[in-house]
Amino acid sequence: MAEPLPSGLLEACVVVGLSNDTLKEVCESLLQVNESPLLLDPEVLQVHAPPFVTKGRINEPGMGRFSHTQRRFSFIKKKNDRPLNNAGKVKEEAAEDFNVPKDLDLAALPQLCFPGGLSVSQEQQEEQFHFLVFTDVFGNQSHGVVLQYYRPVQKWIFQERMLNGHHPSSKSPQIYSAYGICIISKHPYYNTLKDCLSSLLCRLKICKNTDMEEEVKEFSAKLALVPIPPPGQLHVMFTLSPLTIVLPSREDKNYPVIDLDLHLPLLCFESRELLQIITSILTEQRMVFFSSDWAKLTLIAECFMLYIRPLRWQHPLVPTLSRQMLDFVMAPTPFLMGCHLSHYEEVAKETDDLILINIDEGTVCCSGNNDVDLPEAPQTAAQCFKSRRKVLQIHYDLEVLYRGICSDVNELRMRRRHWQHRLNRDIQNITLELIVNMFRDVDDHLNYEHRVFNTDEFLKTREPADQPFYKKVLETHIFHSFLKDHLNGKLKAFTRMERNTRTEDQKRKASMDFSHRRTIKEMKNDCQDSGLSKRLGTSLPNLGDETQPSSLKQTSPTSPTIPEITLNIPARPVKMFKLAHFPPPLSCYHVCLYFGDLVLLLNRAISATPPDDSSLLARYYYLRGLVNMLNSKRLDALSDFQTLYKTDIEIFPHELVRVLVDSLHVEEKAQAEKRSELRPLISKARTNDKSERIDSDDRVKKFQLPRTPMQLEEFVRCTQESGIVRDVATAQRLFEALTVGEQKQIDPETFRVLYTYWKESEAEAQDLQLPAEVLEHLDNSECVYKLSSSVKTSYGVGKIAMTQKRLFLLTTGRPGYVEITKFRDIEDLKISTASFLLLRIPSLKIKNRLKKEKFEANLKSECELWNLMVKEMWAGRIMADNHKDPQYVQQALTNVLLMDTVVGCLQTQKAVLAASKLAYYEKLRHEVPMIIPRPTAETLKHKINPSENMRSPQSVDVLLFIPGQLTLSADLDGNPKLWCALSCGKVVVFDAVSWTLQQHCIHVGESSLMAVSFPRTA
């Protein structure tokens, strides 16, 4: 059976209150005893859910069946609390039941509509709103807005009493009973639904009691006709007298819609408390919010859920607990709940280790005698957040002091909405920047091919003071889900913010290599900050006797310079589409006419939209397809979705189209098969091509060292997961080097030593600080990759240092710099021997084509290794210059570091022989060189490798260049892009200014992509 077609804004509207019999007894008791207001248990009185028209065919031409009826079940009102008659028997009452949507559970709804209990009072009470979140067993959420209002009930009570022989007194007090109307939607439209209920309230105040049910039903039917706009810049507007209401769209398909005031927590909490709450959420604590205002609980909790985006809370979320549900806070697992402030002391005494958040007082504390081990937020990220918050203007009255008074309520609401939209966008950017600063380098430790995250290495890049925070967060379900979304390409906003807030050093390092080495500019900054240099080469081999513990410490990913970066992220222009006036609700004919009017309005909007505004056109096609589907014009809907598929696949509703295809009738299927443009779409929906979907259940594994001997394939996988090597060919050469003269397998201990030596070398390099006199001679982008022991050379005694560009000598005694040679200037290189007394000391001789004298260094036992490394870098430099491809130098550096690691971990006579297996470019240089035609060499400016970071090289099937600004700007989205479609069904995107890989692999399936040209329309 096909799934039901989607409804509009409304999922259900439920009216909650007291039954007539209960209300009669309560009112009689109040009239007799004149007691204070009573708190009673409410029950469901009405349920209204779409569709609101009967099925069947319409006689008018062009009208088919309106809609499929949703699968439903009956909700029967409780009878165990019915009043008893004089004989003690239950009064006979016809069983009342309601048709309820299958996904809606009404069992606890009455309590949640009146979490503090329902009251019947002798005084009129002010109406109130509060908000609800419902979560099913699969984690799917629905959202509710509740209106509590009071209606007088004295008149019909008097009529009942008169029938029993009583005569009402003219002085009898007026009696008011509370009713709750709850609108439930699949989408968190809190402000919109509150506005809708406010409009309904205006009508309920003037209608009779007997007309109340019809008013609510008509109101529900109208909301069911409001379509949900697609993600993007198109908002929907409609009128519910006297208000004009705007239904905003989601900004991104992977993010929920934001229809609440995000600055509410900023009004309630200081920055310190805000960060404590965010930290509690990220570390998955057990949290309870308290407030004397029920409306604050859900809105404040939902704001924090949006603050931590793109991370998502994975545990129970019940922001509003009724007094009957307080035992929920005794659950042993993480949760986020909320209850009335009057229960604060009770909850604090009964349960230990809860994070108690008092919204009214703006405080955060812990229950019980023991303090919860709640770590502080990362220091630099927190400081950046505090700096950003200080400049926010969160008071609307201060923003409109210069404006005149407007008498139009809708104009006032529109002004307030525009201000709130801008403020929400600023807060989103600030909180997203906070999350980015916390997890900026996660991508560097993720292996996309094997879905592995190296937790230990990521921890080593964090500041020591921040370690407690990360040790807790990395073990949470929230972080694991974040990694999955990262691997599945769902974090576009996070990636964009991470890119836009990079410092110049971070941009430079992103375009260089992946090995953890500090740049010369970072060393210069350290010299300026400290005023002095660390002792040369502390903690490197043969550099001294100090044995300070060393941890891998990169430049802080959340550098103190980050707050100086302006978050000038441009806002997308918003377009409003106003719906037609609502029809008489319970007539299928008029509803179909209403949908027809919507299609006409959309046709006009499409005609008025310029052809080059494809983004807006795609939203109109989506909306028209949805309206046609709701109007049972399924073939027209499929045609619209097919046009949408060719216009903007990003918002193409795969599941919606599958449901639509399954709902086709026999005659519609026959007609669809005759339309060539629809056949591919229908075939795609039927086959449900799994290759286009990334399995959301794919686990992200933690990297672990192997425990059993490894053959070649397993060794390649482990080296890729560990981050030592990325490409398969280099990993295979490393395997050959480690198994020279041995059995062709690697034992776990050898791999452990290899991995440890590699990581220790990275860690030691982080502690290297060169003297300021030396830093002046080096480029900011250079890194020191290898440092020798102190040796005698023809330039004096010192240590030979290798960067990606040159060799230089660090002289001992008075620190000094002597350049030996740049790799491109080497003319000859060989091993020789130097005589000292009766000894023959191995030495390395380097001839620079720009200098007459040769450089000679008595490297002793290191001579053969340095000979291999310098030759490899020399060969890589020559090939990079010939091919205009800097990646040859980067790969040569990787080979050199692997040579050093192999020699360091093997410690045998065959170590140098083994390392020579990695001298790939040196061997390649002596083979037949690849000849590049002269015109190509003269034209070629830069060479890129689209297969970078992939296991094996891929051919490029399609190239797409998108022009942009040719100047390097902070907003990289304005730069030209080069899209490369690869043979494996993936697409990579390069920034065409810096030529860095901007977008990791976009997985579009296993099939090759094709280039299709469309005629340009005027």
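In the block above lies the structure referred to throughout.
What counts, and at which threshold
Residues numbered from 1 in each chain as written. Predicted model: local features only at pLDDT ≥ 70, side-chain atom pairs only at ≥ 80, totals over all residues. Heavy atoms only, no water. Helix = DSSP H or I, 4+ residues; strand = E, 2+ residues; numbered from the N terminus. Buried < 20%, exposed > 50% of the residue type's maximum accessible area, 1.4 Å probe, protein only. Contact = heavy atoms within 4.5 Å. Areas by Shrake-Rupley, 256 points an atom, 1.4 Å probe, with all protein chains shown as cover. Phe/Tyr/Trp six-rings, centres within 6.5 Å; stacked < 30°, edge-to-face > 60°. Lys NZ or Arg CZ within 6 Å of the ring centre and 35° of its normal. Axes fitted to C-alpha atoms, helices over the stretch in contact; angles between N-to-C directions. Parallel < 35°, antiparallel > 145°, perpendicular 65-115°, else oblique. Left-handed = near helix turned anticlockwise from the far one by under 90°. Pairing = 2+ DSSP bridges.

K.L.:
Can you walk me through the overall build of the protein chain in this structure?
P.N.:
Check the secondary structure of the protein chain and you find 33 helices and 32 strands. Residue burial in the protein chain is summarised as follows: out of 1018 residues, 51% are buried. Within the protein chain, residue pairs in contact and separated by at least 24 positions form 66% of the contacts whose partners lie at least 6 positions apart. Of the roughly 49100 Å² of accessible surface on the protein chain, 50% is carried by carbon and sulfur atoms.

K.L.:
I'm lost on the packing of aromatic side chains in this one. Help?
P.N.:
Each aromatic ring pair is summarised here by two numbers: the centre-to-centre distance and the angle between the ring planes. In this structure the tally under the stated criterion is 29 aromatic pairs. With 5.6 Å between their ring centres and 55° between their planes, F453 and F458 make a pair best called tilted. With a relative accessible area of 2%, F453 lands in the buried category. F458 sits in the buried class, given a relative accessible area of 0%. Plain terms: the ring middles of Y645 and F652 are 4.9 Å apart, the flat faces sit at 75° to each other, and that makes the pair edge-to-face. The exposure class assigned to F652 is buried, which follows from its relative accessible area of 7%. An aromatic cluster of three or more residues is present, and its members are F439, F453, F458, F469, Y470, F479, F482 and F494. Its end group placed over the ring of Y920, R733 keeps NZ or CZ at 4.0 Å from the ring centre. Here the guanidinium or amino end of R925 rests over the ring plane of W874, the centre of that ring lying 4.4 Å away.

K.L.:
Whenever I open this one, the packing of helix α26 (residues 728–738) against helix α30 (residues 887–906) confuses me. Can you help?
P.N.:
Taken N-terminus to C-terminus, the directions of α26 and α30 make an angle of 25°; their axes are 11 Å apart at the nearest point. Between α26 and α30, the interaxial angle falls into the category roughly parallel. The crossing of α26 and α30 is right-handed. Listed contacts from α30 to T730, R733, L734, A737 and L738 of α26 are Q891, N895, L898, V902, C905 and L906.

K.L.:
I keep staring at the sheet that holds strand β18 (residues 452–453) and nothing clicks. Help me out?
P.N.:
In sheet architecture, strand pairing relies on hydrogen bonds along the backbone and comes in two forms, parallel and antiparallel. Strands sit in the order β17-β18-β20 across an open sheet of three strands; the sheet is mixed. Since the sheet does not close on itself, it has two edges, and those belong to β17 (446–447) and β20 (701–702), each with one partner.

K.L.:
What's the story with the environment of C207 in this structure? I'm lost.
P.N.:
Summarising the element assignment, C207 is placed in the loop between α4 (190–204) and α5 (212–224). Take C207: its relative accessible area is 13%, and that puts it in the buried class. C207 has contacts with R151, M212 and E215, leaving out every residue within four places of it along the chain.

K.L.:
Explain unusual backbone geometry to me, please; I cannot follow it from the model alone.
P.N.:
For residues besides glycine, phi is generally negative; the peptide bonds are generally trans as well. The omega torsion across S241 and P242 is 10°, close enough to zero to call that bond cis. For P242, the location among the structural elements is in the loop between β10 (234–240) and β11 (243–247). Backbone geometry places R451, a non-glycine residue, at a positive phi of 55°. One can find R451 in the loop between β17 and β18. Taking the relative accessible area as the measure of exposure, R451 reaches 14% and is therefore buried. With a phi close to 65°, S632 is a non-glycine residue in the positive phi region. Along the chain, S632 turns up in the loop between α20 (614–630) and α21 (634–647). The class for S632 is buried, based on a relative accessible area of 8%.

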